[in-house]
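Residue strings, one per chain:
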Amino acid sequence: MVEKIDKCFDDADALQIQLGTGHYNLAIGASIGAKEFLKAKMLLKDMHRKNIKRNQKTYLEYLQGCGKSKDKVKVCLEAENCLRRMIEDGLTPRTKHYDLVLEKCWRAGRLGNLATWFNAMRDRGIRPTRNSWFYFLIASVMRKNDSETVENIFLQMKNDNIEPDIKMQNAILSSLLRKKKYNQTIQWYTERIQGQHDPTPFTRKILLEAYAEKGDAKGMEEIFLKLKKPTHEHFTVVLQGLVVSQDAEIYEKAQSLWSHFMSMGLTPSLVHFNSMIKICERKGLNTEMRFWELQRDESIPL
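Bear in mind that the values here come from a model prediction, so they are computed numbers and not experimental data.

1. Details of the layout of surface pockets
So, point 1. Quantified by volume, the second largest pocket comes out at close to 150 Å³.
So, point 2. Here the residues of the lining of the second largest pocket are counted per class, giving 3 nonpolar, 1 polar and 4 charged.

Shown next, in the form of structure tokens:
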């Protein structure tokens, strides 16, 4: 496809035929589809140089291709510049244009810019989508992370007839966990998610990590036993949490959870065996430690 388009452009140049907006949009889209972002960039520059009219599709095609580079900051800067050029062209960006820029700002960690673009979108009378609010919510929580900020955002969302969903709630939980606010993570789940949303496996994992960091063996046990489909990752978090827990019955709890894990038809990994060995070592259970070492050696192929 790209080769055919290249030939078409070469033939047009040879015949001194001026190609139009539609031709360039097609070429930019094809270049991005072929992961030839540099070519798409040169085509857009060519449109500016030849004063060929750009339209909303031109910039949408280009913005969709901005994410192909591994350098997230570079991608974000390119997307932001693209949106500025679009506005300078007298075009009004649509929600899709803004959402692509918001996503790239989020991935690059340019949270201040994300908030600026979000507010600019609203100032232009463009109604944010659920995705728009999601990126803005994450940026706001990561920058300020206070309940008043979140409450205000939720209120504004409801004015747009958008209710916070579990994806947004998980983003808040994850942010609280990263900031080592373990009690607040658990409190947020209890007050805002429990009984109101269906927790995802990721929700449970965040909770398990919060309890593990607190050394709360009982909390971890309760969450893990509620899991309908526990994963290896869930079990790893629990056992590693028990390794550092000050609970007097960490070995007994580890044994019980191990039995539950096995009853779900799952196979323990090397990490799980090593955690059991560390728990025995902490409690001075030499006989049990030797048992788990033998179990590990017999179960894990060399």
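2. Here we look at the environment of Lys-96
So, point 1. By the secondary structure assignment, Lys-96 is in helix α6 (residues 95-108).
So, point 2. Considered as a pair, Lys-96 and Gln-64 are 32 residues apart in the sequence and their alpha carbons are 9.6 Å apart.

3. Regarding the side chain of Thr-185
So, point 1. Among the structural elements, Thr-185 can be located in helix α11 (residues 182-193).
So, point 2. Only 3.5 Å separates the side chain of Thr-185 from the backbone nitrogen of Leu-177, close enough to count as a polar contact.

4. Comments concerning the packing of helix α2 (residues 21-33) against helix α3 (residues 37-49)
So, point 1. The N-to-C vectors of α2 and α3 enclose an angle of 160 degrees; their axes lie 7 Å apart at closest approach. Taken together, the axes of α2 and α3 lie roughly antiparallel to each other. Along this stretch, α2 crosses α3, giving a crossing that reads as left-handed. In contact with Thr-21, Tyr-24, Ala-27, Ile-28, Ser-31 and Ile-32 of α2, α3 contributes Phe-37, Lys-39, Ala-40, Leu-43, Leu-44, Asp-46 and Met-47.

5. As for the pattern of salt bridges
So, point 1. According to the stated counting rule, one finds 16 salt bridges in the structure shown.
So, point 2. A salt bridge links Arg-54 to Asp-89; its shortest N-O distance comes to 2.8 Å. Within this pair, whereas Arg-54 is found in the loop between α3 and α4 (56-65), its partner Asp-89 is found in the loop between α5 (72-88) and α6, the two being separated by 35 residues in sequence.
So, point 3. Judged by its relative accessible area of 11%, Arg-54 falls in the buried class.
So, point 4. When its relative accessible area of 29% is taken as the criterion, Asp-89 is described as partly exposed.
So, point 5. Between Asp-165 and Arg-130 there is a salt bridge; the shortest N-O distance is 3.2 Å.

6. Side note on helix α14 (residues 232-244)
So, point 1. Relative to the 18 Å expected for 13 residues at 1.5 Å per residue, α14 spans 19 Å between its end C-alpha atoms, a close match to the ideal helical length.
So, point 2. Taken as a whole, α14 has its buried residues at His-234, Phe-235, Thr-236, Val-237, Val-238, Leu-239, Gly-241, Leu-242 and Val-243.
So, point 3. Those residues of α14 hidden inside the fold are in contact with α12 (201-214), α13 (217-226), α15 (250-263) and α16 (270-283).

7. Observations regarding α6
So, point 1. With 14 residues, α6 should reach 20 Å at 1.5 Å per residue; the first-to-last C-alpha distance of 20 Å fits that figure.
So, point 2. Within the sequence span of α6, burial applies to Thr-95, His-97, Tyr-98, Asp-99, Leu-100, Val-101, Leu-102, Lys-104, Cys-105 and Ala-108.
So, point 3. Buried residues in α6 make contact with α4, α5, α7 (111-123) and α8 (130-143).
So, point 4. Positive phi appears at Gly-109, one or two residues downstream of α6, with a value of about 75 degrees.

8. Some details on the packing of α4 against α5
So, point 1. Taken N-terminus to C-terminus, the directions of α4 and α5 make an angle of 175 degrees; their axes are 10 Å apart at the nearest point. Relative to α5, α4 is oriented roughly antiparallel. Contacts from Gln-56, Tyr-59, Tyr-62 and Leu-63 of α4 reach α5 at Glu-78, Ala-79, Cys-82, Arg-85 and Met-86.

9. Here we look at the packing of aromatic side chains
So, point 1. Following the criterion strictly, the structure yields 14 aromatic pairs and no others.
So, point 2. With a centroid separation of 6.1 Å and 70 degrees between ring planes, the pair formed by Trp-106 and Phe-134 is classed as edge-to-face. In this pair, Trp-106 is assigned in helix α6 and Phe-134 in helix α8, connecting sequence segments 28 residues apart.
So, point 3. Residue Trp-106 is classed as partly exposed on the basis of its relative accessible area of 26%.
So, point 4. For Phe-134, a relative accessible area of 8% gives the class buried.
So, point 5. Here a set of aromatic residues connected by ring pairs shows up, and it is made of Phe-224, Phe-235, Trp-258, Phe-261, Phe-273, Phe-291 and Trp-292.
So, point 6. Cation over ring: Lys-167 sits above Phe-134, and NZ or CZ is 4.3 Å from the ring centre.
So, point 7. The ring centre of Trp-188 lies 4.4 Å from the NZ or CZ of Arg-192, which sits over that ring.

Conventions and cut-offs
- Residues numbered from 1 in each chain as written.
- Predicted model: local features only at pLDDT ≥ 70, side-chain atom pairs only at ≥ 80, totals over all residues.
- Heavy atoms only, no water.
- 1 Å grid on protein atoms, 1.4 Å probe; cavity = no way out; pocket = protein on both sides within 12 Å on 5 of 7 lines; lining within 4 Å.
- Points joined across faces, edges and corners; volume = space filled by probe spheres on them.
- Nonpolar A, V, L, I, M, F, W, Y, C, P; charged D, E, K, R; others polar.
- Helix = DSSP H or I, 4+ residues; strand = E, 2+ residues; numbered from the N terminus.
- Polar contact = N/O pair within 3.5 Å; in protein donor to acceptor, adjacent residues only side chain to side chain.
- Axes fitted to C-alpha atoms, helices over the stretch in contact; angles between N-to-C directions.
- Parallel < 35°, antiparallel > 145°, perpendicular 65-115°, else oblique.
- Left-handed = near helix turned anticlockwise from the far one by under 90°.
- Contact = heavy atoms within 4.5 Å.
- Salt bridge = Lys/Arg side-chain N within 4 Å of Asp/Glu carboxyl O.
- Buried < 20%, exposed > 50% of the residue type's maximum accessible area, 1.4 Å probe, protein only.
- Expected span 1.5 Å × (residues − 1).
- Phe/Tyr/Trp six-rings, centres within 6.5 Å; stacked < 30°, edge-to-face > 60°.
- Lys NZ or Arg CZ within 6 Å of the ring centre and 35° of its normal.

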